[in-house]
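Fold and geometry: a report
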Amino acid sequence: MSEAYFRVESGALGPEENFLSLDDILMSHEKLPVRTETAMPRLGAFFLERSAGAETDNAVPQGLALLPRLECSGVTWFTAALTSQAQVIVTPQPPMWLGLQGSKLELPLWLAKGLFDNKRRILSVELPKIYQEGWRTVFSADANVVDLHKMGPHFYGFGSQLLHFDSPENADISQSLLQTFIGRFRRIMDSSQNAYNEDTSVLVARLDEMERGLFQTGQKGLNDFQCWEKGQASQITASNLVQNYKKRKFTDMED
Amino acid sequence: MFCEKAMELIRELHRAPEGQLPAFNEDGLRQVLEEMKALYEQNQSDVNEAKSGGRSDLIPTIKFRHCSLLRNRRCTVAYLYDRLLRIRALRWEYGSILPNALRFHMSAEEMEWFNNYKRSLATYMRSLGGDEGLDITQDVKPPKSLYIEVRCLKDYGEFEVDDGTSVLIYFVCLVETGFHRVSQDGLDLLTS
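Quick look at the structure, then. Every value quoted in this text rests on a predicted model; they were computed, and no experiment measured them.

About the thresholds
Residues numbered from 1 in each chain as written. Chains lettered and ligands numbered in written order. Predicted model: local features only at pLDDT ≥ 70, side-chain atom pairs only at ≥ 80, totals over all residues. Heavy atoms only, no water. Phe/Tyr/Trp six-rings, centres within 6.5 Å; stacked < 30°, edge-to-face > 60°. Helix = DSSP H or I, 4+ residues; strand = E, 2+ residues; numbered from the N terminus. Buried < 20%, exposed > 50% of the residue type's maximum accessible area, 1.4 Å probe, protein only. Contact = heavy atoms within 4.5 Å. Buried area = accessible area lost by both parts, 1.4 Å probe. Salt bridge = Lys/Arg side-chain N within 4 Å of Asp/Glu carboxyl O. Polar contact = N/O pair within 3.5 Å; in protein donor to acceptor, adjacent residues only side chain to side chain.

Attention now goes to the packing of aromatic side chains. Scanning the entire structure with this criterion turns up 12 aromatic pairs over all chains. Ring centres of Trp135 of chain A and Phe139 of chain A lie 5.9 Å apart, and the angle between their planes is 40°; this geometry places the pair in the tilted category. Here Phe139 of chain A and Trp135 of chain A lie together in helix H4 (residues 133-141), a separation of four residues that amounts to about one turn. Judged by its relative accessible area of 27%, Trp135 of chain A falls in the partly exposed class. Arranged with centres 5.4 Å apart and planes meeting at 10°, the rings of Trp113 of chain B and Tyr117 of chain B form a pair that is stacked. Of this pair, Trp113 of chain B and Tyr117 of chain B both sit in helix H5 (residues 108-126), separated by four residues, roughly a single helical turn. Taking relative accessible area as the criterion, Tyr117 of chain B reaches 19% and is therefore assigned buried. An aromatic cluster is present here, built from Tyr131, Trp135, Phe139, Phe155, Tyr156, Phe158, Phe181 and Phe185 of chain A joined pairwise through their rings.

We now examine the interface of chain B and chain A. Counting residues at the interface gives 45 residues for chain B, matched by 45 residues for chain A. Taken together, the two surfaces of chain B and chain A that pack against each other cover about 4,400 Å², and 64% of this comes from carbon and sulfur. Three residues stand out in chain B for area buried against chain A, namely Met1, Arg74 and Glu93 of chain B, and they jointly supply 19% of the buried area on that side. One can count three salt bridges joining chain B with chain A. Where Glu17 of chain A meets Arg74 of chain B, a salt bridge forms, and the shortest distance between an N and an O atom there is 2.9 Å. Inspection of the region where chain B meets chain A yields 11 residue pairs in polar contact (both at pLDDT 80 or more). For the side of chain B that touches chain A, the elements supplying multiple residues, two or more each, are helix H1 (4-15), helix H2 (26-53) and helix H3 (59-94) of chain B.

Given below as structure tokens:
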């Protein structure tokens with residue numbers, strides 16, 4: 001099944017993401033804190049059109065306030081608008097966006113990358129907590145105890161792409177990423193090579209996505225080796241893909 | 001934030017276990033394209049205004065929408081490309097006749113692509129290995145020889161193989177020393 005399906009690999013650890021890689025797209029959807037340096041008018045415009053008021057050019061329409069955002073599967077912004085006509089509009093979707101000068105926001109990486117430039121005319125980027133000094137010392141103390149999946153499932157990829165933002169701490173960040181990986185690698189390799197035919201969910205629970213990929217590669221190597229030892233390597237067997245489709249057919253019939 | 005629908009498409013594909021093809025999300029794709037159209041039109045009018053009316057403060061907004069457009073495009077292209085990779089894998093894992101359930105998961109264009117791919121692959125395979133061609137989808141490793149020698153153990157009667165040559169078959173066993181020589185294709189038929 002996966003033998004014939006070769007998906008596009010992630011390039012996040014290198015200089016640039018791979019355009020077609022699903023992993024990179026998911027990784028670059030993660031958010032980071034930014035500060036806007038300039039106002040962005042009219043991005044609330046299509047929201048205001050639904051009220052009776054005329055379109056305003058002001059970046060800060062009167063009386064607009066941001067309610068705390070709710071974290072669902074993405075970020076949904078709830079905005080209540082009190083226009084001069086005293087209409088209250090609360091829209092859960094699509095997310096309403098508003099650019100105030102000097103405000104702190106969380107933007108996805110792809111947007112931050114697109115709007116960022118050396119002179120920081122539109123926005124300036126702050127480092128997320130886990131790449132800052134405090135957490136870096138935690139990682140250097142003992143990298144193995146940290147739950148990297150909770151910290152942001154794409155810790156290494158996201159961190160590597162953060163280096164694009166020319167922070168003065170770039171050298172420290174990259175060192176920290178490297179040392180964290182070195183500290184954790186041994187355990188990942190050992191567990192992937194020794195867990196044969198058992199439930200590995202406990203082992204992978206605290207790994208980030210890149211480490212999970214490594215773990216699975218290790219498991220595949222182990223399984224292939226065991227297959228070869230048993231002499232199954234040269235037997236013709238039904239492919240996993242076919243078997244999975246047949247299994248699903250059964251459940252359809254049972255419904 | 002823009003591009004949420006596009007992300008849904010990506011997540012749907014990412015969730016599907018390795019290599020399996022979910023149904024073609026025509027609705028979702030249409031919504032993404034509509035969002036792109038709206039963004040583009042807004043940007044067009046803002047660009048005109050910025051140029052003629054000297055509204056340079058609109059430039060960050062234009063950039064914002066442009067980033068969203070690029071992102072939507074990336075997600076769409078990656079979605080379609082990954083599906084094609086999966087469909088290609090189906091030819092190699094499943095064979096050239098796909099079950100109906102799978103065919104309903106594909107869009108018309110994907111079906112057409114699949115047929116073209118099948119044809120290219122078939123043409124290539126026919127050009128290999130002597131007169132009959134070689135079915136390389138059976139095994140990634142090349143066979144040691146084009147023919148396998150088989151030895152017959154038990155009388156089964158007459159049997160007609162794929163290419164029309166009828167062969168007297170006995171219960172066969174794969175052994176090096178043999179009397180009959182069967183091509184790879186015939187062998188797979190017999191072992192199934």
